[in-house]
Amino acid sequence: MGISYDEAQRVFHLRGKDVSYVLGVVRDGYLAHLYYGKGLREFAGSNGLTFIKRDFSPSVSIGDETFSLDSLPQEYPQYGNTDFRKPAYQVKGMDGTTISDLRYESHRIFAGKMKLDGLPASYVEQDSDANTLEITMADAVLGLRVILQYTVFGADNVITRSARFVNDGQDSLQILKAASACIDFKDSNYDLLTLPGAWGNERQVERAALRHGMQSVDSVRGASSHQQNPFVALLEKQTTEESGEAYGFNLVYSGNFEASVEVDQFATTRVILGIHSFNFDWKLESGATFQTPEVVMVYSDAGLGEMSRQYHRFYQKHLLRGVYRDKTRPILVNNWEATYFDFTEEKLLDIAKVGSKLGMELLVLDDGWFGKRNSDKSSLGDWFVNDEKLPNGLRNLAKNVNDLGMKFGLWFEPEMVSVDSDLYRAHPDWCIHVPKRAKSESRNQLVLDFSREDVCTEITRRMAAILEEVPISYVKWDMNRHLSEVGSAHFTSERQQEIAHRHILGVYGVMDAITTQFPDILFESCSGGGGRFDPGMLYYMPQTWTSDNTDAVSRLKIQYGTSLVYPIIAMGSHVSSAPNHQVGRFTSLEMRGNVAMSGNLGYELDLTTLTEAEQEIVRHQIEMYKEIRELIQFGDFYRLKSPFEGNETAWMFVDEAKTESCVFYFQVLATPARPLQFVKLAGLNAAAQYKLRGTEQVFGGDELMYAGMKVPTTLIGDFQTVSWHFQIKK
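To start, this report covers the structure provided alongside it. (Residues numbered from 1 in each chain as written. Predicted model: local features only at pLDDT ≥ 70, side-chain atom pairs only at ≥ 80, totals over all residues. Heavy atoms only, no water.)

### Considerations on the overall build of the protein
Item 1. Check the secondary structure of the protein and you find 12 helices and 38 strands.
Item 2. Compactness check: the protein gives a C-alpha radius of gyration of 27 Å against a globular reference of 27 Å for 730 residues, within 12% of the reference.
Item 3. For the protein, the spread of C-alpha atoms along the three principal axes comes to 85 × 70 × 45 Å.
Item 4. With 730 residues in all, the protein has 61% of them scored as buried.
Item 5. A fraction of 69% describes how many contacts in the protein between residues 6 or more apart in sequence connect residues 24 or more apart.
Item 6. In the protein, which carries 74 positive and 96 negative side-chain charges, the distance between the mean positions of the two groups comes to 2 Å. (Helix = DSSP H or I, 4+ residues; strand = E, 2+ residues; numbered from the N terminus. Rg over C-alpha atoms; globule rule 2.2 N^0.38 Å. Buried < 20%, exposed > 50% of the residue type's maximum accessible area, 1.4 Å probe, protein only. Contact = heavy atoms within 4.5 Å. Lys, Arg positive; Asp, Glu negative; His and termini not counted. Charge placed at Lys NZ, Arg CZ, Asp CG, Glu CD.)

Have a look at this one:
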């Protein structure tokens, strides 16, 4: 484990739990990629670099036509000197040209991991958890240094990468592109897996063979977005859930991003991730630095399932922070779909009374409690209580909820402003906008300019005033529109293409200030549901509202896709009413419950309208969830049947010691002449005996995994579900 450097060969070898990453300095300081994959004891060059003459690939070494950057697998390639593939970065000098030539200058290896300035990133609790390599590359003509940062975590198959730009010259530079990581693979025999989507249909799974040319996923919406997720994976053709190689790449960033995969003329593959270069231009003054976000790379030789479990464990241990990182999450009821904007204190307390009786632990008051907010047309930014709706104030409401044995939570949308608001009337220049251009609205709102320190300070003050006054245990932090007319009245013309990145840095700054000041509050991020479900958000807020679409059938795909990268404990998942408010589908309360119990369970419906029979079902769900909550939120997750491949979905949770597991099975539509169904379990101790809870039946772990569990033939009709809870027989 750790990092070694062979000075004679000029080769660096990074070793994780069962992964190796090898790179070296070749010729006159070029940094080349040598190997990434299954852990090696040592790398002696059995499949090292090959130098041959390639027509139309010019050489950078006079007298040696075999050495061209166009065919060299590089660690951080540049534009302009014989590599015609997409570069990892691009810098413009004072002469207007964009040619650069970074060469190895020095390196250092140290235990632990440093924080990234102003950015979320993975961390270590003690230096022995990881080792870091920093390689300094320099361009003497530009006076530019780029420090490539690699961290390998000894207990994981995880390597993180980022880059820091330093201007040591006398003149300013313009950074036109600054990727966080680049890696060149020797071949292109892979499938590309991505997670595209839309509002209410986030993180769908797509897998397709690589082809020559460029394939990419990106966002230029000012947020990581519903439409794409900052994640890609390369998979061997034969890779399944249980076997085969998978290389995952996840960008710890919540703004504009691009993940590109290029297959070149020689069938090699280049993967690049980082801030999107579109409409990006950063002025790097003399003596200034620029830090790129971090990429988390995970390698698995045991299929997609193991890749996912590595991401889950790593993020729970090295990304999520605060008291709730290791704490079970409360079962909540949110009033949004129960009342929308039309609520009274009495109605909220009626919902809380029923929730308390059923065993719920938290009431969340959603949108509409502030300013003159009776619809989505006003008051964002006016973070003071709506006295007409809540004449006794938030503090009194929270106290009454607490007296029922429940905690109290509150909704905010801090990054937005309504045109019809006191804040906008006082400060119309505080929104993202371009002077003399129309200001497009979405959901009747504009985006506050968080690139400005004065805006960030004021919003932090307004939020803190509420959180200090009211006993709040949970905050839902929403963001309901993307950025358009991106500009800032605060910055000069030469800085306008920095605004998108400066804005997200401001968002991170406010989140850091608020979550640091109120460490005992559970924060859940939201962006019209799952529009910012990314590692950057999880660094500040340990869970995310997975999607505004609460339909159980839709959620099968949404939660399945999300689980490819993000831990179950990060997923907010609610039982809502039927017919569903988003798609109009009617599913059983049992189906909705089992889907929601596969995340952080909550309810989002009018509890006061439930029949006695429905209340009994909900009470049973809550009792069951409290029994398995720790298993769901901290256990290992196994995907058994994919909703993207058929009519059935199944997944399961197993504790670390393999003593307990819970399995959920879902059938979407009834079919005629239905074959007998069974589910093969995973992750159990093959030598152990497991008792099925609620029965006297005992099965061997090997039998459950290899023969499978029979699905009851009594599941008749559409939208059926069953769950099995196993505990090891002592």
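### Some points on the packing of helix 9 (residues 552-562) against helix 10 (residues 589-596)
Item 1. Relative to each other, helix 9 and helix 10 sit at 20°, their axes nearing to 9 Å. One way to sum up the angle between helix 9 and helix 10 is to call them roughly parallel. The hand of the helix 9/helix 10 crossing is left-handed. Residues A552, V553, R555, L556 and Q559 of helix 9 form the contact with helix 10, whose participating residues are M591, R592 and V595. (Axes fitted to C-alpha atoms, helices over the stretch in contact; angles between N-to-C directions. Parallel < 35°, antiparallel > 145°, perpendicular 65-115°, else oblique. Left-handed = near helix turned anticlockwise from the far one by under 90°.)

### A word on the packing of aromatic side chains
Item 1. This structure, assessed with the given rule, holds 41 aromatic pairs.
Item 2. When the ring of Y21 is compared with that of Y150, the centres are 5.9 Å apart and the planes differ by 50°; the resulting orientation is tilted. Pair noted here: Y21 is in strand 3 (residues 19-26) and Y150 is in strand 8 (residues 144-153), with a separation of 129 residues, a long-range link. The same class applies to Y21 as to Y150, namely buried.
Item 3. Taken together, the ring pairs in this structure connect Y21, Y36, Y150, F185, Y190, Y247 and Y299 into an aromatic cluster.
Item 4. Above the ring of F266, the side-chain terminus of R54 is found at 4.1 Å from the ring centroid. (Phe/Tyr/Trp six-rings, centres within 6.5 Å; stacked < 30°, edge-to-face > 60°. Lys NZ or Arg CZ within 6 Å of the ring centre and 35° of its normal.)

### Overview of the pattern of salt bridges
Item 1. Enumeration over the complete set of coordinates arrives at 49 salt bridges.
Item 2. The partner of E458 in a salt bridge is R461, with the nearest N and O atoms 2.6 Å apart. With E458 and R461 both in helix 6 (residues 453-469) and three residues apart, the pair spans about one turn of that helix.
Item 3. Between K691 and E696 there is a salt bridge; the shortest N-O distance is 3.8 Å.
Item 4. When salt bridges that share partners are traced, they join K283, E285, E494, R495, E498 and R502 into one network. (Salt bridge = Lys/Arg side-chain N within 4 Å of Asp/Glu carboxyl O.)

### With respect to the nonpolar core
Item 1. Counting residues in hydrophobic clusters, the biggest one holds 187 residues, and the most contacted among them are F165 and W369.
Item 2. Counting residues per element, this core draws most heavily on strand 10 (residues 173-185), at eight residues.
Item 3. Discounting residues that sit within four places of it in the chain, W369 has contacts with F343, W383, F384, V385, N386, L390, L394, L410, W411, F412 and I466.
Item 4. One finds A650, A688, Y690 and F699 within the second-largest nonpolar core, a separate group that totals 22 residues. (Core = buried A, V, L, I, M, F, W, Y, C linked by side-chain atoms within 4.5 Å.)

### Concerning the side chain of N229
Item 1. Tracing the backbone shows N229 in the loop between strand 13 (213-219) and strand 14 (231-236).
Item 2. With relative accessibility at 2%, the residue N229 sits in the buried group.
Item 3. Here F533 takes part through its backbone oxygen, which lies 2.8 Å from a polar atom of the side chain of N229. (Polar contact = N/O pair within 3.5 Å; in protein donor to acceptor, adjacent residues only side chain to side chain.)

### Some details on the packing of helix 3 (residues 345-358) against helix 4 (residues 393-403)
Item 1. The contact between helix 3 and helix 4 brings their axes to 10 Å, and the two run at 20°. Our classification of the angle between helix 3 and helix 4 gives roughly parallel. Our pair here, helix 3 against helix 4, has a crossing hand that is right-handed. Across the interface between the two elements, E345, L348 and L349 of helix 3 pack against N396, L397, N400 and V401 of helix 4.
Item 2. Along the lines of polarity and charge, the residues of the contact of helix 3 with helix 4 split into four nonpolar, two polar and one charged. (Nonpolar A, V, L, I, M, F, W, Y, C, P; charged D, E, K, R; others polar.)

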